[in-house]
Amino acid sequence: MRIGLMTSGGDCPGLNAVIRGAVLHGIKSFGHDFVGFRDGWRGVVEGDIMELPRQSVRGLARQGGTILGTSRTNPFDGPQGGPENIAKVLEANGIDAVVAIGGEGTLAGAKRLADAGLPVVGVPKTIDNDLQATDYTFGFDTAVSIATDAMDRIRTTGESHHRCMVAEVMGRHVGWIALHSGMAAGAHAILIPEFRESMEQVSEWVREVHDRGRSPLVVVAEGFIPDNREEAIAGKGVEASGRPRLGGIGEYVTHEIEDITGIETRNTILGHIQRGGAPTGFDRVLATRLGIAAVTMASEQQWGKMCALRGTDVVRVDFAEALDGLKAVPRDRYDEAKELFGR
């Protein structure tokens, strides 16, 4: 069997570990050949491939990013897109199966192709941890670790200058990174897209901490919407895909806190640093296991399915289950963290 691997959407620590796990397992256990599609669905649509022999994945698990490149191309856009044209590309290159490694958008495209009869299986990927049907996605642990380390560092300067510090992290629709990194760093307020908070309440938490002689730390996800606004702040234009480019909530929260409390406040936007660098040990192991599972699924022709983590087990689920809405932070998890706000 000749299997094509592709990575699509935002880059993510652990992608290379998936590729390594898939290739090594497929060659050793089944005698498969592997190719990689360059730049996500673009490579699939255009037939832009690279060979992936065993030596090409040596030491790959510890490297961040993806050796295949990535993009946000839609496999159904343009005259070359769609299942009929993609089927011709696969046939012309002797490719028997496609392993789509990506988040919600990537897997939605993979589901449509599988529904049309193409041999596609999936691997969930998102640092936001917002995919249904899997407990954790690789990349999330790395993003949380990077964000936590950054918050530990900005707290030292906050304590030295008696300032309030605001850290803006990724999280367009869900606040898992903010919740986990904020709790790990001992934040005094965590603001996420799922739940509204007034700036008066946030400022009260900040004032309580500052009055005890501490430097308050506020963590805010980029998609947080204060209760006096209708939508997330997106003052940086639009992305190539057409969706608004979020940004500015950290600065907004900083100005509001300073205006209401009079406490000197500074903000730091962590941005793409959360995506970069080497994956954590947890993400390397999870990504490797998912790569192995995906190749086993393809070998058994389990098209239209995705591997997922349930507890400590890697299982198979239908694409439809994974795409049944975003996995948001539930109220009880937020209330659990909220017990320590302002403390």
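Treat the numbers as computed from the prediction; the structure is a model and nothing was measured.

**Comments concerning the UniProt feature "active site" (unreviewed entry) in the protein chain**
Here, the residues flagged by UniProt with the feature "active site" (unreviewed entry) are Asp128. Within the secondary structure, aspartate 128 is located in the loop between strand 5 (120–124) and helix 5 (140–161). Since its relative accessible area comes to 18%, aspartate 128 is described here as buried.

**Notes on the nonpolar core**
With 78 residues, the main nonpolar core has Leu5, Val123, Phe138, Val218, Val253 and Ile257 as its most contacted residues. No other element matches the eight residues that helix 9 (residues 281–299) contributes to this core. Counting contributing residues, this core receives three or more from each of domain 1 (2–138 + 279–323) and domain 2 (140–275). Discounting residues that sit within four places of it in the chain, valine 253 has contacts with Val166, Leu191, Met199, Val218 and Val220. Residues Trp41, Ile49, Ile95 and Met306 belong to the second largest nonpolar core, which totals 25 residues.

**Here we look at the pairing of strand 6 (residues 164–169)**
Along strand 6, six of the six residues are buried, which leaves the element largely enclosed by surrounding structure. Neither face of strand 6 is exposed, since Cys164, Val166 and Glu168 on one face and Met165, Ala167 and Val169 on the opposite face are all buried. Pairing of strand 6 with strand 9 (residues 265–269) involves five bridges; the strand directions are parallel. By the bridge assignment, cysteine 164 is partnered in strand 9 with threonine 265. Examined bridge by bridge, strand 6 and strand 8 (residues 217–221) share five bridges and lie parallel to one another. By the bridge assignment, glutamate 168 is partnered in strand 8 with valine 220.

**Concerning the packing of aromatic side chains**
All told, the structure shown has five aromatic pairs when counted by the stated rule. Ring centres of tyrosine 136 and phenylalanine 282 lie 6.4 Å apart, and the angle between their planes is 80 degrees; on these two criteria the pair is classed as edge-to-face. Note that tyrosine 136 is positioned in the loop between strand 5 and helix 5 and phenylalanine 282 in helix 9, a separation of 146 residues in sequence. Overall, phenylalanine 282 belongs to the partly exposed group, its relative accessible area being 43%.

**Quick word on the domain arrangement of the protein chain**
Taken as a whole, the protein chain is organised into domain 1 (2–138 + 279–323) and domain 2 (140–275). For domain 1 and domain 2, the distance between their C-alpha centres works out to 33 Å. Tallying the contact residues gives 16 residues for domain 1 and 15 residues for domain 2. Taking both sides of the interface into account, the surface hidden between domain 1 and domain 2 amounts to around 1,300 Å²; carbon and sulfur atoms contribute 55%. By the criterion of area lost to domain 2, the three top residues of domain 1 are Arg72, Ile127 and Asp128, representing 42% of everything that side buries. Summed over the shared surface of domain 1 and domain 2, the number is zero salt bridges. If you look at where domain 1 meets domain 2, you find six residue pairs in polar contact (both at pLDDT 80 or more). Among the residues making up the side of domain 1 that touches domain 2, the classes are represented as six nonpolar, five polar and five charged.

Analysis parameters
Residues numbered from 1 in each chain as written. Predicted model: local features only at pLDDT ≥ 70, side-chain atom pairs only at ≥ 80, totals over all residues. Heavy atoms only, no water. UniProt positions renumbered as here; feature names shortened; annotations may be inferred. Helix = DSSP H or I, 4+ residues; strand = E, 2+ residues; numbered from the N terminus. Buried < 20%, exposed > 50% of the residue type's maximum accessible area, 1.4 Å probe, protein only. Core = buried A, V, L, I, M, F, W, Y, C linked by side-chain atoms within 4.5 Å. Domains from an automatic or database assignment. Contact = heavy atoms within 4.5 Å. Pairing = 2+ DSSP bridges. Phe/Tyr/Trp six-rings, centres within 6.5 Å; stacked < 30°, edge-to-face > 60°. Buried area = accessible area lost by both parts, 1.4 Å probe. Salt bridge = Lys/Arg side-chain N within 4 Å of Asp/Glu carboxyl O. Polar contact = N/O pair within 3.5 Å; in protein donor to acceptor, adjacent residues only side chain to side chain. Nonpolar A, V, L, I, M, F, W, Y, C, P; charged D, E, K, R; others polar.

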